[in-house]
Amino acid sequence: LGLELVPHGFSFDRRPFPAHHAPSESQLDAFTELIAERTAALDEDAPASTILTEPSAVEAMALRRIETSLSAPLSEASARRLFADPAHRYDPAVRVRGGNQSVALELARRLGDRVTLRAPAVAVSHRSGEATVVTADGAEHEASAVIVAIPLPLLRELSLDPGPPDEIRGAASRTGFGDAAKLHIPLAEAPVPSGMASPDASWWCWTSQATPDAPRAAPVLSCFAGGSDAAMQLTASAALSLRPDVAPAAEQIPLFTGWADERWSRGSYSVPGVGTSDEDDMAWTRPWGSVVLAGEHTAGPRAATMNGAAASGARAAETALQLLAR
């Protein structure tokens, strides 16, 4: 898309606490191998919180990173989904210069007037080879196939006739949805790139590299809270207490965004519940009638990521083309 990617300038995986250095790469390797071994020994799936009940300081930091990124308590997630693959890491992590929303904006720009904004879909009726999408203003849009790519809470509210088959309903019942919040605090000066995790809750804050060649960070303290409880604890004073090395800019107001309060998201992203299976992954990808599902919750092992969302769109487009070819 011609967008510039900027490295953060520090490790997204290895997050220190105020009184503890970040885990070393070898310590993190040992942790991921340990939880993978314990997960493999399970007779059946179990909550991720049961795998390490008395973690060491290093293990606690690693678990905190996972729970924060999960955006839900470990007790609500599948151990097999979270811990079976020890290679799951964020590093090297990058961001899109200008904000990750630049991806959607550039896609929309290239599509031009084929994108209709401010026309939320409220119902889809369909059968083989034809479909009708009804928007909130009462307009009806005819199509040969429909890709439904909306967050899971909105999918559960969308009127679909006929509705999803039992295998998709089952997958949806085993899939949770997290909550998150972000806080951005303008700073008086550009600090060094670094991150720090809260020792008491599932939130952390960081200062990211301004450009690919810049040694300093942008003058913004960014914070992310994973889970409803952590989101309520995320305040500017708490963040600045965690990062005493930075000073807020005068006369600039921090920006707080609660994802659960956003009308078109209702939270963060999907959470693999206990009992989630490979069969569920396959169910999300199968069309019924003229409907194909997309979205991060349909991306299998890549669910809950931007990469997964993009991959699900490519997969759904191929499936729609196959439907049209029939």
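Remember, it's a predicted structure, so these values are computed and weren't measured experimentally.

(A) Spatial organisation of the sheet that holds strand S10 (residues 194-197). Across the sheet, which stays open at both edges, the five strands sit in the order S10-S11-S12-S9-S13 with antiparallel pairing between neighbours. The sheet is open, and its two borders are formed by S10 and strand S13 (255-258), each paired with just one other strand. Across this sheet, the average inter-strand angle for adjacent strands is 15°, counted without regard to direction. Two strands pair when backbone bridges link them, and strand S9 (residues 180-186) and S13 are joined in this way by four bridges, in the antiparallel orientation. Bridged to Ala181 within S13 is Gly258.

(B) Structural view of the sheet that holds strand S4 (residues 130-135). Spatially, the four strands line up as an open sheet ordered S5-S4-S3-S7, and their pairing is mixed. Across the chains shown, the open sheet's two edge strands, defined by having one partner strand only, are strand S5 (140-143) and strand S7 (159-161). For this sheet, the mean angle separating the axes of adjacent strands, direction not counted, is 15°. With three bridges connecting them, strand S3 (residues 121-127) and S7 associate as parallel partners. Along S7, the bridge assignment pairs Ser125 with Asp161.

(C) Region of interest: the pairing of S3. Bridge count between S3 and S4: six bridges; the pairing is antiparallel. Directly across from Val124, in S4, lies its bridge partner Val133. Taken together, S3 and the strand that follows it, S4, pair antiparallel across an intervening segment of two residues, in which Gly129 is found at a positive phi of about 90°.

(D) Structural detail: helix H2 (residues 57-70). With 14 residues, H2 extends 20 Å from end C-alpha to end C-alpha; this agrees with the ideal 20 Å at 1.5 Å per step. The buried fraction of H2 is high, at 10 of 14 residues. Those residues of H2 not exposed but buried are Glu59, Met61, Ala62, Leu63, Arg64, Arg65, Ile66, Thr68, Ser69 and Leu70. Looking at the buried residues of H2, the elements they touch are helix H1 (25-40), helix H3 (79-83), strand S11 (203-207), strand S12 (220-226) and strand S14 (270-272). Ser71 sits one or two positions beyond H2 and adopts a positive phi of about 65°.

(E) Broad picture of the nonpolar core. Counting residues in hydrophobic clusters, the biggest one holds 18 residues, and the most contacted among them are Val124, Val148, Leu155, Trp284 and Leu293. Looking at this core, the elements that each hand over two or more residues are S4, strand S6 (146-148), helix H5 (152-157), helix H6 (166-173), helix H9 (278-285) and strand S15 (291-293). With three residues, the top contributor of residues to this core is H6. Ignoring sequence-local partners within four residues, the contact set of Trp284 consists of Leu152, Leu155, Ile168, Ala171, Ala172, Thr175, Leu293, His297, Thr298 and Arg315. One finds Leu187, Met196, Trp203 and Leu234 within the second-largest nonpolar core, a separate group that totals 17 residues.

(F) Molecular detail of the packing of aromatic side chains. The full count for this structure, using the stated rule, is six aromatic pairs. Among the aromatic residues, those joined into a ring-pair cluster are Phe10, Phe12, Trp204 and Trp206. A cation sits over an aromatic face here: Arg15 above Trp204, 3.7 Å from the ring centre.

(G) Representation of the state of the cysteines in the model. Tallied over the entire structure, the rule returns zero disulfides. Free cysteine: Cys205, not disulfide-bonded; nearest cysteine sulfur from Cys223 at 4.6 Å. Taking the relative accessible area as the measure of exposure, Cys205 reaches 0% and is therefore buried.

(H) Here's a closer look at the packing of H1 against H2. Here H1 crosses H2 at 70°, and the two axes come no closer than 10 Å. For the element pair H1 / H2, the angle class is roughly perpendicular. Of the residues in H2, those in contact with Gln27, Leu28, Phe31 and Leu34 of H1 are Val58, Glu59, Ala62, Leu63 and Ile66. Here the contact of H1 with H2 is built from residues that sort into seven nonpolar, one polar and one charged.

Conventions used here
Residues numbered from 1 in each chain as written. Predicted model: local features only at pLDDT ≥ 70, side-chain atom pairs only at ≥ 80, totals over all residues. Heavy atoms only, no water. Pairing = 2+ DSSP bridges. Helix = DSSP H or I, 4+ residues; strand = E, 2+ residues; numbered from the N terminus. Axes fitted to C-alpha atoms, helices over the stretch in contact; angles between N-to-C directions. Expected span 1.5 Å × (residues − 1). Buried < 20%, exposed > 50% of the residue type's maximum accessible area, 1.4 Å probe, protein only. Contact = heavy atoms within 4.5 Å. Core = buried A, V, L, I, M, F, W, Y, C linked by side-chain atoms within 4.5 Å. Phe/Tyr/Trp six-rings, centres within 6.5 Å; stacked < 30°, edge-to-face > 60°. Lys NZ or Arg CZ within 6 Å of the ring centre and 35° of its normal. Disulfide = S-S within 2.5 Å. Parallel < 35°, antiparallel > 145°, perpendicular 65-115°, else oblique. Nonpolar A, V, L, I, M, F, W, Y, C, P; charged D, E, K, R; others polar.

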